[in-house]
Amino acid sequence: MDIGLKLKELRVLKGLTQEELADRSELSKGFISQLERNLTSPSIATLTDILQCLGTSLGEFFNELPEEQVVFGKADYFEKYDPELKNEIKWIIPNAQKHVMEPILLTLEAGGETYPDNPHEGEEFGYVLQGSVSIHVGSRIYRAKKGESFYFVPDKKHYLTSKTGALLVWVSSPPSF
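Residues numbered from 1 in each chain as written. Predicted model: local features only at pLDDT ≥ 70, side-chain atom pairs only at ≥ 80, totals over all residues. Heavy atoms only, no water.

J.: Quick question: what am I supposed to make of the pattern of salt bridges here?
T.: A pair can form between side chains of opposite charge whenever their charged atoms are brought close. All chains considered together, the criterion is met by three salt bridges. In this structure, E148 engages K145 in a salt bridge whose closest nitrogen and oxygen atoms are separated by 3.2 Å. With relative accessibility at 49%, the residue K145 sits in the partly exposed group. A salt bridge links D155 to K156; the shortest N-O distance between them is 3.5 Å. Judged by relative accessible area, K156 falls into the partly exposed class, the value being 42%. (Salt bridge = Lys/Arg side-chain N within 4 Å of Asp/Glu carboxyl O. Buried < 20%, exposed > 50% of the residue type's maximum accessible area, 1.4 Å probe, protein only.)

Here is the structure:
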């Protein structure tokens, strides 16, 4: 662990200059500078004082959590093809159903549709990447084509169909797929 770099990151995150941190921790600006460049090491007591000024503790400072994956590629996708409905669903964020929203990449073949979904709380959003879709919400039907998006509150039975085939990103909150 690079203690100096981590101290500097915390200081910058708190919007403090080296001088301001030095004043708050009753140290010199030169000492803070040397710490951040790893030219000197603080005692445990001094490090505890500095961390207190930065709003954290020794335990939090040294607790390194594994970095979360933020970018996902095709190798991370989970795919499911339904020959009966003529659609393919790709969950483009692994374990998305554990989160507030669940984005998927949906491919509808010509004549394909999605499973009818019963009314539920939340929101539904989609963006059509290729082709066009019909969005069935209750007794109403809406159409969206390439480059258009749609949004609705899923308080009625809803599903998508496509006569010509389509590729779209669909985000459901909370997850319902």
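J.: Help me understand the pairing of strand 5 (residues 123–137), please; the structure alone is not making it clear to me.
T.: Side chains on a regular strand alternate between the two faces of the sheet. Of the strand pairs in this sheet, strand 5 and strand 9 (residues 166–173) are connected by eight bridges, and their pairing is antiparallel. In the strand pairing of strand 9, Q130 is matched with L167. Bridge count between strand 5 and strand 7 (residues 149–152): four bridges; the pairing is antiparallel. If you follow Y127 over to strand 7, its bridge partner there is S149. With six bridges connecting them, strand 5 and strand 6 (residues 140–145) associate as antiparallel partners. When the bridges of strand 6 are listed, V137 appears paired with R140. Counted along the chain from strand 5 to the antiparallel partner strand 6, the turn is two residues long, and its residue G138 has a positive phi close to 60°. For strand 5 and strand 8 (residues 158–162), the ladder comprises four bridges, and the chain directions are antiparallel. The residue bridging S134 from the neighbouring strand is T161, located in strand 8. (Pairing = 2+ DSSP bridges. Helix = DSSP H or I, 4+ residues; strand = E, 2+ residues; numbered from the N terminus.)

J.: Explanation requested: the confidence of the model for the protein in the structure shown.
T.: Low pLDDT marks stretches whose predicted atomic positions should not be read closely. Mean pLDDT for the protein: 87, with 92% of residues reaching 70 or above. Mean pLDDT in the protein bottoms out at strand 3 (residues 102–108), which sits at 82, and peaks at helix 3 (residues 29–36), which reaches 96. (pLDDT = per-residue confidence, 0-100.)

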